[in-house]
Amino acid sequence: MNNCGTKYKLIELLNTIENAFFCECQKDKLKDLFIDIFNDENLYVVFMNKIDEAKKLLKKDLSFFMDSDPAVNSEDEIITCYPGFKAIFIYRIAHIFYELDYKIYARILSEHAHFLTGIDIHPGAKIGSPFFIDHGTGIVIGETAVIGNYVKLYQGVTIGALSLSKGSSLKGMKRHPTIKDNVTIYANSSILGGDVTIGNNVVIGGNVFLTHSVSDNYKVIIQNPELILIKK
């Protein structure tokens, strides 16, 4: 990055991508901005191919929001008003930059999303589709987290790492959990550790603290105040 102005150009690029996604407009401006920032037309072609893939995922995310929230009245309401969808949209764009090894650009976008929504998704996380975030404030998803399809998260959820000394020595290692398909995690639950896998069709109740794996088809809740696993 050459100067701080690049940050603001990158956010302008993000806004232009959003308009091109949902309004089918400003595509010429998108190309001009991209080449202005990166000075690489070949990279623009690669990026746009990946954008097309991201658009397919986001359409599935949008439909999942419609199916999952009885309070929503239209897709336009989700696109313009829902912080969860905004965070997912920006994550999917930031993840492209991360995969193309423009990691500081990816982090700029993820922190912009964090500022706008209160949702902190590292651009290196691997998140399937469709994906649903309800309310969302305080959600944290770490760099090496892997999240499957048809996953729902509620506010305050952390998909994080255990606190360890000499953290820099763990760079490149898997530090965050794997969440498989059809999992629902309710408010303020924390799931920590790179060796942790949450199986298919699991429901995690509110305020649960987990540092171990859960097999398929379980509910995990806190009751009196012990941790109880109930076979579904």
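Scroll up to find the structure this text is about.
Notes on the structure in this doc start here. Keep in mind it's a predicted model, so treat the numbers as computed, not measured.

1. A closer look at the overall build of the protein
Helix and strand content of the protein: 6 helices and 15 strands. For 232 residues, the compact-globule estimate of 2.2 N^0.38 gives 17 Å, and the C-alpha radius of gyration of the protein, at 18 Å, lies within 12% of that figure. Here the C-alpha coordinates of the protein stretch approximately 60 × 50 × 25 Å along the principal axes. In the protein, once contacts between residues fewer than 6 apart in sequence are set aside, the share between residues at least 24 apart is 41%. Total accessible area computed for the protein in this model is approximately 11700 Å², and 49% of it derives from carbon and sulfur atoms. Computed over 24 positive and 26 negative side-chain charges, the inter-centroid distance for the protein is 6 Å.

2. Things to note about a nonpolar patch on the surface
Side chains of Ile222, Leu227 and Leu229 sit close together on the surface and give an oily, nonpolar patch of about 240 Å² of accessible area. Tracing the chain through its elements places Leu229 in strand β15 (residues 226–231). The class for Leu229 is partly exposed, based on a relative accessible area of 41%.

3. With respect to the packing of aromatic side chains
Going through the model one piece at a time under the given rule, you end up with 17 aromatic pairs. Both rings, one in Phe34 and one in Phe47, keep their centres 4.9 Å apart while their planes meet at 35 degrees; by these two values the pair is tilted. Here Phe34 is found in helix α2 (residues 27–38), whereas its partner Phe47 is found in helix α3 (residues 41–68), with 13 residues between them in sequence. For Phe34, a relative accessible area of 1% translates into the label buried. With 5.7 Å between their ring centres and 20 degrees between their planes, Phe38 and Phe97 make a pair best called stacked. Pair noted here: Phe38 is in helix α2 and Phe97 is in helix α5 (residues 83–99), with a separation of 59 residues, a long-range link. Ring pairing ties together the aromatic residues Phe64, Phe65, Tyr82, Phe85, Phe132, Tyr150, Tyr154 and Tyr186, which thus form one cluster.

4. Here's the deal with the packing of helix α1 (residues 5–23) against α3
The angle between the axes and the distance between the axes are what describe a pair of packed helices. At their nearest, the axes of α1 and α3 sit 12 Å apart, and the two run at 55 degrees to each other. The angle between the axes of α1 and α3 places the two elements in the oblique class. Between α1 and α3 the crossing geometry is right-handed. The residues of α3 that touch α1, namely those facing Ile17, Ala20 and Phe21, are Phe47, Ile51, Ala54, Lys55 and Leu58. Within the contact of α1 with α3, the residues separate by chemical class into 7 nonpolar, no polar and 1 charged.

5. Side note on the pattern of salt bridges
Side chains bearing opposite charge may pair, as long as their charged atoms lie close to each other. Under the criterion given, the structure shown has 8 salt bridges. Arg175 is the salt-bridge partner of Glu143, the closest N and O atoms lying 2.8 Å from each other. One end of the pair, Glu143, is in the loop between β4 (140–141) and β5 (146–147); the other, Arg175, is in the loop between β7 (158–160) and β8 (178–179), and 32 residues separate them in sequence.

6. Looking at the sheet that holds strand β10 (residues 190–192)
Taken in spatial order, the 5 strands of this open sheet run β1-β4-β7-β10-β13, and their pairing is parallel. Looking at which strands have only one partner, the edges of the open sheet turn out to be β1 (120–121) and β13 (209–210). Where β7 and β10 come together, 3 bridges link them in parallel fashion. Paired with Thr158 across the two strands is Ser190, which belongs to β10.

7. Here's the deal with the pairing of strand β6 (residues 151–154)
Two elements, strand β3 (residues 131–134) and β6, share 4 bridges in a ladder whose sense is parallel. Residue pairing across strands places Phe131 opposite Val151, the latter belonging to β6.

8. Some details on the environment of Ile139
Residue position: Ile139 is located in the loop between β3 and β4. For Ile139, a relative accessible area of 0% corresponds to the buried category. Along the sequence, Ile139 and Gly172 sit 33 residues apart, while their C-alpha atoms lie 23 Å from each other. Setting aside anything within four residues of it in sequence, one finds Ile139 in contact with Gly118, Ile119, Asp120, Ile133, Leu153, Tyr154, Gln155, Gly156 and Val157.

9. As for the nonpolar core
One finds Leu13, Ile93, Phe97, Ile141 and Ile198 to be the most contacted residues of the largest nonpolar core, which totals 70 residues. Mapped onto this core, the elements with two or more residues apiece are α1, α2, α3, α4 (75–81), α5, α6 (103–117), β3 and β6. Residue contributions to this core peak at 11 residues, all from α5. Contacts of Ile141, omitting those with residues within four sequence positions, involve Asp120, Ile121, His122, Ala125, Ile127, Phe131, Ile147, Leu153 and Ile159.

Here is what the cut-offs are and how they apply
- Residues numbered from 1 in each chain as written.
- Predicted model: local features only at pLDDT ≥ 70, side-chain atom pairs only at ≥ 80, totals over all residues.
- Heavy atoms only, no water.
- Helix = DSSP H or I, 4+ residues; strand = E, 2+ residues; numbered from the N terminus.
- Rg over C-alpha atoms; globule rule 2.2 N^0.38 Å.
- Contact = heavy atoms within 4.5 Å.
- Areas by Shrake-Rupley, 256 points an atom, 1.4 Å probe, with all protein chains shown as cover.
- Lys, Arg positive; Asp, Glu negative; His and termini not counted.
- Charge placed at Lys NZ, Arg CZ, Asp CG, Glu CD.
- Patch = residues over 30% accessible without salt bridge, like charges linked within 9 Å, V, L, I, M, F, W, Y side chains within 5 Å.
- Salt bridge = Lys/Arg side-chain N within 4 Å of Asp/Glu carboxyl O.
- Buried < 20%, exposed > 50% of the residue type's maximum accessible area, 1.4 Å probe, protein only.
- Phe/Tyr/Trp six-rings, centres within 6.5 Å; stacked < 30°, edge-to-face > 60°.
- Axes fitted to C-alpha atoms, helices over the stretch in contact; angles between N-to-C directions.
- Parallel < 35°, antiparallel > 145°, perpendicular 65-115°, else oblique.
- Left-handed = near helix turned anticlockwise from the far one by under 90°.
- Nonpolar A, V, L, I, M, F, W, Y, C, P; charged D, E, K, R; others polar.
- Pairing = 2+ DSSP bridges.
- Core = buried A, V, L, I, M, F, W, Y, C linked by side-chain atoms within 4.5 Å.

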